[in-house]
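Here is what each chain is made of, one letter per residue.
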Amino acid sequence: MILKEQLRLKIQRAVTIALLSVGIIPAVHAEVTNQSVNNLSGTTINNGSTTNAVNLNSLGPYTVNNAGGISSVSNRLNSSIKIKEVVLTTLTNTNTGVISATTNNSLDGDDAYGVYLHANTNSASIGNLTNSGTISGTAGDDYAYGVYLYAYHGSATINTLTNSGTISGTADDYRGYGIYLNANTNSATITTLTNSGTI
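Keep in mind that this is a model prediction, so the values were computed, not measured. The residue count restarts for each chain, going from 1 along the sequence in the order it is written. Residues qualify for local features only when their pLDDT is at least 70, as the model is predicted, and side-chain atom pairs are given and counted only at 80 or more; totals for whole chains, interfaces and linings, by contrast, use all residues. The basis for every side-chain value is the complete set of non-hydrogen atoms in the structure, without hydrogens or water.

**A closer look at the confidence of the model for the protein chain**
Line of reasoning, step 1. Chain-level statistics for the protein chain give a pLDDT mean of 86 and a share of 83% at 70 or above.
Line of reasoning, step 2. When mean pLDDT is compared element by element in the protein chain, strand S9 (residues 87–93) scores highest at 97, while helix H1 (residues 2–21) scores lowest at 58. Per-residue confidence from the predictor is reported as pLDDT, a score between 0 and 100. For the purposes of this entry, the term helix denotes a DSSP run of H or I that reaches at least four residues, the term strand denotes a run of E that reaches at least two, and both are numbered from the N terminus.

**Focus: the side chain of Asp-111**
Line of reasoning, step 1. Residue placement: Asp-111 occurs in the loop between strand S10 (98–103) and strand S11 (112–119).
Line of reasoning, step 2. Here Asp-111 occupies a buried position and makes no salt bridge, while the nearest side chain of opposite charge, Arg-175, is found at 11 Å.
Line of reasoning, step 3. For the purposes of these results, a polar contact is taken to be a pair of N or O atoms within 3.5 Å, where, inside protein, one atom must be able to donate a hydrogen and its partner to accept one; residues adjacent in sequence count only when each atom of the pair is a side-chain atom. Within the structure, the side chain of Asp-111 is placed 3.1 Å from the backbone nitrogen of Tyr-143, a separation counted as a polar contact.
Line of reasoning, step 4. Those residues in contact with Asp-111 that sit more than four places away from it in its chain are Arg-76, Leu-77, Asn-78, Thr-103, Asp-142, Tyr-143 and Tyr-145. We call a residue buried when its accessible area falls under 20% of the maximum for its residue type, exposed when it is over 50%, and partly exposed in between, using a 1.4 Å probe and counting protein chains only. When charges are counted, Lys and Arg are positive and Asp and Glu negative, with His and the chain ends excluded. Put simply, a salt bridge is a Lys or Arg side-chain nitrogen that is within 4 Å of an Asp or Glu carboxyl oxygen. Every residue pair with non-hydrogen atoms within 4.5 Å of one another is taken to be in contact.

**Here we look at the pairing of strand S8 (residues 78–84)**
Line of reasoning, step 1. For S8, the tally of buried residues reaches six of seven residues, placing the bulk of the element in the interior.
Line of reasoning, step 2. For two strands to count as paired, DSSP must find a minimum of two bridges between them. By the bridge criterion, four bridges tie strand S5 (residues 52–56) to S8 in an arrangement that is parallel. Across the sheet, the residue bridging to Asn-52 is Ser-79, located in S8.
Line of reasoning, step 3. Direction of pairing for S8 relative to S11: parallel, over a ladder of six bridges. Looking across to S11, one finds that Lys-82 is bridged to Tyr-116.

**Points about the environment of Ala-30**
Line of reasoning, step 1. As for its placement among the helices and strands, Ala-30 is situated in the loop between strand S1 (27–29) and strand S2 (32–33).
Line of reasoning, step 2. For the pair formed by Ala-30 and Thr-50, sequence separation is 20 residues and the distance between their alpha carbons is 9.0 Å.

**Focus on the sheet that holds S5**
Line of reasoning, step 1. Pairing within the open sheet is parallel, and its six strands lie in the order S2-S5-S8-S11-S14-S17. Across the chains shown, the open sheet's two edge strands, defined by having one partner strand only, are S2 and strand S17 (176–183).
Line of reasoning, step 2. Bridge analysis of S11 against strand S14 (residues 144–151) gives seven bridges, and the strand direction is parallel. Paired with Ala-112 across the strands is Ala-144, a residue of S14.

**Section: the sheet that holds strand S15 (residues 156–163)**
Line of reasoning, step 1. With parallel pairing, the six strands of this open sheet are ordered in space as S3-S6-S9-S12-S15-S18. Looking at which strands have only one partner, the edges of the open sheet turn out to be strand S3 (37–39) and strand S18 (188–195). Put simply, the sheet's adjacent strands are angled 10° from each other on average, direction ignored.
Line of reasoning, step 2. Where strand S12 (residues 124–131) and S15 come together, seven bridges link them in parallel fashion. Paired with Thr-130 across the two strands is Thr-162, which belongs to S15. For helices, the fitted line uses only the C-alpha atoms of the stretch in contact; every axis is such a line through C-alpha atoms, and the angle between N-to-C directions lies from 0 to 180 degrees.

**With respect to the side chain of Ser-155**
Line of reasoning, step 1. Along the chain, Ser-155 turns up in the loop between S14 and S15.
Line of reasoning, step 2. One polar contact links Ser-155 to Ser-123, side chain to side chain, over a distance of 3.0 Å.

**With respect to the nonpolar core**
Line of reasoning, step 1. Counting residues in hydrophobic clusters, the biggest one holds 32 residues, and the most contacted among them are Ile-83, Leu-91, Ile-126 and Ile-158.
Line of reasoning, step 2. The residues touching Ile-126, leaving out its near neighbours within four places in the chain, are Ile-83, Leu-88, Leu-91, Val-115, Leu-117, Thr-157, Ile-158 and Asn-159. Residues belong to a common nonpolar core when they are buried Ala, Val, Leu, Ile, Met, Phe, Trp, Tyr or Cys residues joined through side-chain atoms within 4.5 Å.

**Overview of the pairing of S14**
Line of reasoning, step 1. Of all eight residues that make up S14, eight are buried, and the element is covered over most of its length.
Line of reasoning, step 2. The pairing of S14 with S17 spans seven bridges and is classified as parallel. Counted as the bridge partner of Ala-144 is Gly-176 from S17.

As structure tokens, then:
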């Protein structure tokens with residue numbers, strides 16, 4: 001009886017994975033923390049009750065491959081993908097992929113970051129960022145960024161950024177930036193940027 005139940009669960013899991021992979025069953029998952037991501041078309045990762053949909057802030061290195069949705073919606077400062085003081089070797093957002101951060105609040109300090117590379121004490125880096133889909137930040141009040149590099153004590157670096165899709169930032173009251181490099185006390189750098197899309 002136990003073997004029969006185990007077989008039934010294995011079959012059920014295999015069928016579910018097959019249906020997800022062809023997009024018949026859309027799935028939603030809450031925040032992913034400190035692990036590589038392979039997000040299929042028709043599947044969404046959201047921020048749940050936190051402020052990041054994908055939060056990478058320890059160990060690594062990691063990879064992120066997105067053909068579905070990675071979405072963060074909050075009334076507070078939030079980001080779809082936050083890379084804090086770790087190495088992300090590749091971030092690939094395919095033509096069906098949407099990486100979006102939205103703040104709905106009209107209070108100061110509620111910024112939205114599509115991809116946030118944060119080097120506070122130690123360095124943070126992305127080896128290759130390839131986007132043929134959409135990366136966006138939308139803020140109800142303050143600032144919005146598609147891709148944001150912040151270098152405080154550590155350096156924030158993207159070695160290669162290749163865009164054939166859309167990278168955008170839209171803010172109701174202040175400013176929106178497709179890509180913003182904030183070299184506070186250290187270096188924020190994109191070594192090679194190739195754009196055939198919209199930034």
